[in-house]
Amino acid sequence: TALQLSTTAAERFLGRPLPDLLPHNLAQGVQLLASSLLLSNRLEEPPTDADIPLVVRYYWKAGG
């Protein structure tokens, strides 16, 4: 699903597994990326770092 792909991308981007209880910024980034994947119908494989929107990367860095 989009949330699974987004979570995988976040873990790869941050270089570690995500905690069970996500800080707001990490959760916001995961949800924004999942929405983007759903809207663009890209549900086959996790996006590459270049495909991750800048605002999502910002949230992940701020929350990581």
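In this text the structure is predicted, and so the values were computed from the model without any measurement.

It is worth spelling out the confidence of the model for the chain at this point. Per-residue pLDDT for the chain averages 94, and the proportion of residues at 70 or more is 100%. Per-element averaging of pLDDT across the chain places helix H3 (residues 54-63) at the bottom with 93 and helix H2 (residues 24-39) at the top with 96.

It is worth spelling out the packing of helix H1 (residues 2-14) against H3 at this point. The geometry of H1 relative to H3 is characterised by a closest axis approach of 11 Å and an angle of 60° between their N-to-C directions. In terms of orientation, H1 lies oblique with respect to H3. Once H1 is placed against H3, the crossing between them reads as right-handed. The residues of H3 that touch H1, namely those facing Ser 6, Ala 9, Ala 10, Phe 13 and Leu 14, are Arg 57, Trp 60 and Lys 61.

Rules of the game
- Residues numbered from 1 in each chain as written.
- Predicted model: local features only at pLDDT ≥ 70, side-chain atom pairs only at ≥ 80, totals over all residues.
- Heavy atoms only, no water.
- pLDDT = per-residue confidence, 0-100.
- Helix = DSSP H or I, 4+ residues; strand = E, 2+ residues; numbered from the N terminus.
- Axes fitted to C-alpha atoms, helices over the stretch in contact; angles between N-to-C directions.
- Parallel < 35°, antiparallel > 145°, perpendicular 65-115°, else oblique.
- Left-handed = near helix turned anticlockwise from the far one by under 90°.
- Contact = heavy atoms within 4.5 Å.

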